Number of protein chains: 2
Amino acid sequence: MNISAAAKASGLPVKTVRYYADIGLVDAPSRSEAGYRSYDDVAVRKLVFARRSRAFGFSIEECRELLGLYQDQDRTSSEVKRIASKRLEEIEVKQRELQSLHDALAHLVTSCRGDHRPDCPIIDYLG
Amino acid sequence: MNISAAAKASGLPVKTVRYYADIGLVDAPSRSEAGYRSYDDVAVRKLVFARRSRAFGFSIEECRELLGLYQDQDRTSSEVKRIASKRLEEIEVKQRELQSLHDALAHLVTSCRGDHRPDCPIIDYLG
DNA sequence: CCTAATCTCTCCAGTAACTGGAAGGTCAAG
DNA sequence: CTTGACCTTCCAGTTACTGGAGAGATTAGG
């Protein structure tokens, strides 16, 4: 499988597939005689794993850790759960931050008339 | 006012104060004979404005736009409201994304036993 | 007045995770 | 044989700073 097929199969952009091998997130693929990267199903499965993990907001380093656990037959589920729980907490923190941001901005937006006149509570608040 | 006093007064790190002038977000301050940057209250107020706008998640470019409106006596409140509403929508999109992410990950985390055994629904899902 | 500590300056590099583009080699179809 | 799609490497840019080096300025204490 050439890189574009692997990209399609994994759901990642070609550039990203190359990048993930460059930084060692996944193994460097073997090469054809002409130097083309060659992917097999196992490699694609790891790319899919990386994509899904990233979609959950895990950082590259966390993906690296998760991929390590993915490939480790002896890992315990508690190791995985620890990482996922940490990420879940981060999400919850972010949600609270976003909520208060939302409320404050929504308040300003609704209190601004948004007409042709210059007086504006949004600007007043920021300044 | 030297830069550290302006930083303290505005609530921004010294590095950031310098940075904001470097990129032209705020005016370049005048200099002392020795080349030290010198800030007045007006400059500090703009720095505060920038800090608050950033805290609302406005990008530097949006801050630039907002600061322009802040300094423009003739702007209408509708111009400001348009930018703020756009940002508010972005926040709401992000909130929804985060919510579904949260729900999916929370589901996985609760369904994972987190014990010493290797079978783990989180890994199963990602792989 | 000297010295040590604290500020300040500029410039360079690094962060996270890609993304875009240039210059050039390869492959399959017609 | 040529065209077009694909592949390669390498370099640069993105966002919004942040850290640090090396050097000059200022201030407080003795």
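The rules we used
Residues numbered from 1 in each chain as written. Chains lettered and ligands numbered in written order. Predicted model: local features only at pLDDT ≥ 70, side-chain atom pairs only at ≥ 80, totals over all residues. Heavy atoms only, no water. Helix = DSSP H or I, 4+ residues; strand = E, 2+ residues; numbered from the N terminus. Contact = heavy atoms within 4.5 Å. Areas by Shrake-Rupley, 256 points an atom, 1.4 Å probe, with all protein chains shown as cover. Domains from an automatic or database assignment. Buried area = accessible area lost by both parts, 1.4 Å probe. Salt bridge = Lys/Arg side-chain N within 4 Å of Asp/Glu carboxyl O. Polar contact = N/O pair within 3.5 Å; in protein donor to acceptor, adjacent residues only side chain to side chain. Axes fitted to C-alpha atoms, helices over the stretch in contact; angles between N-to-C directions. Parallel < 35°, antiparallel > 145°, perpendicular 65-115°, else oblique. Left-handed = near helix turned anticlockwise from the far one by under 90°. Core = buried A, V, L, I, M, F, W, Y, C linked by side-chain atoms within 4.5 Å. Buried < 20%, exposed > 50% of the residue type's maximum accessible area, 1.4 Å probe, protein only. Near = heavy atom within 4 Å. Least-squares fit on C-alpha atoms with pLDDT ≥ 70 in both. Nonpolar A, V, L, I, M, F, W, Y, C, P; charged D, E, K, R; others polar.

(A) Summary view of the overall build of chain A. Assigned secondary structure in chain A consists of 6 helices and 2 strands. Across chain A, helices and strands are ordered from the amino to the carboxyl terminus as α-α-β-β-α-α-α-α. Projected onto its principal axes, the C-alpha coordinates of chain A cover approximately 70 × 40 × 20 Å. Excluding contacts between residues fewer than 6 apart, the proportion of contacts in chain A whose partners are at least 24 apart in sequence is 46%. Within the structure as shown, chain A displays about 7,100 Å² of accessible surface, and the carbon and sulfur contribution to it stands at 50%.

(B) The domain arrangement of chain A, seen in detail. Residue and element names in this part refer to chain A. On domain assignment, one finds that chain A holds domain 1 (1-75) and domain 2 (77-127). Look at where the C-alpha atoms of domain 1 and domain 2 centre, and you get two points 34 Å apart. Every contact between the two is made by 8 residues of domain 1 and, on the other side, 10 residues of domain 2. Contact between domain 1 and domain 2 buries roughly 750 Å² in total, counting both sides, with carbon and sulfur atoms accounting for 61%. There are 2 salt bridges connecting domain 1 and domain 2. When the shortest N-O distance is used, the salt bridge between Arg82 and Glu65 registers 3.4 Å. Remark: the boundary between domain 1 and domain 2 carries 4 residue pairs in polar contact (both at pLDDT 80 or more).

(C) Up close: the interface of chain A and chain B. Contacts between chain A and chain B engage 48 residues on the former and 48 residues on the latter. Buried surface at the junction of chain A and chain B, summed over both partners, amounts to about 4,300 Å²; 72% is from carbon and sulfur atoms. At the boundary of chain A and chain B, one finds 0 salt bridges. At the junction of chain A and chain B, the tally comes to 22 residue pairs in polar contact (both at pLDDT 80 or more). Elements represented by at least two residues in the side of chain A that touches chain B include exactly helix 3 (41-55), helix 4 (60-71), helix 5 (77-111) and helix 6 (121-126) of chain A. For the side of chain A that touches chain B, the leading source of residues is helix 5 of chain A, giving 21 residues.

(D) Up close: the packing of helix 1 (residues 3-10) of chain B against helix 3 (residues 41-55) of chain B. Residue and element names in this part refer to chain B. Between helix 1 and helix 3, the least distance of the axes is 9 Å, while the angle of their chain directions is 50°. Classified by the interaxial angle, the pair formed by helix 1 and helix 3 is oblique. Considering only the axes of helix 1 and helix 3, their crossing is right-handed. The segment helix 1 lies against helix 3, with Ala6, Ala9 and Ser10 engaging Val44, Leu47, Val48 and Arg51.

(E) Broad picture of the nonpolar core. Ranked by internal contacts, the top residues of the largest apolar core, which has 75 residues, are Tyr20, Phe58, Leu105 and Ile122 of chain A together with Phe58, Leu105 and Ile122 of chain B. For Phe58 of chain A, the residues in contact, after removing those within four places along its chain, are Ser53, Cys63, Leu66, Ile83, Ala84 and Arg87 of chain A together with Leu105 of chain B.

(F) Local environment of the protein's contact with DNA strand D. Close contacts around DNA strand D come from 19 residues, with Ser4 and Arg37 of chain A together with Lys15, Tyr20 and Arg54 of chain B the closest. Protein-adjacent atoms of DNA strand D, using a 4 Å cutoff, are sugar or phosphate at a proportion of 69%. With respect to DNA strand D, the side chain of Arg18 of chain A contributes an N or O atom lying 3.0 Å from a phosphate oxygen. At 3.0 Å, a side-chain N or O of Thr16 of chain B approaches a phosphate oxygen of DNA strand D. Only helix 1 (3-10) and helix 2 (14-22) of chain A together with helix 2 (14-22) of chain B provide two or more residues apiece to the surface near DNA strand D. When residues of the surface near DNA strand D are assigned to their parent elements, the largest contribution, 4 residues, is made by helix 2 of chain B.

(G) How the structure looks around the relation of the copies chain A and chain B. The two copies are related by a screw motion: chain A maps onto chain B through a turn of 180° and a shift of 0.0 Å along the axis, at an RMSD of 0.1 Å. These values place the two chain copies in the arrangement generated by a two-fold rotation axis. Taking C-alpha positions as reference, the residue of chain A nearest the rotation axis is Gln95 of chain A, located at 3.5 Å.

(H) Molecular detail of the protein's contact with DNA strand C. Around DNA strand C sit 19 residues in total, of which Lys15, Tyr20 and Arg54 of chain A together with Ser4 and Arg37 of chain B are the nearest. Of all atoms in DNA strand C that approach within 4 Å of the protein, 69% are sugar or phosphate atoms. Lys15 of chain A places a side-chain nitrogen or oxygen 2.3 Å from a base oxygen of DNA strand C. Note that a phosphate oxygen of DNA strand C is positioned 3.1 Å from one of the side-chain N or O atoms of Arg31 of chain B. Where the surface near DNA strand C is concerned, the elements lending two or more residues are helix 2 of chain A together with helix 1 and helix 2 of chain B. Among the elements that take part in the surface near DNA strand C, helix 2 of chain A stands out by supplying 4 residues, more than any other. Tallied by class, the residues present in the surface near DNA strand C amount to 8 nonpolar, 5 polar and 6 charged.

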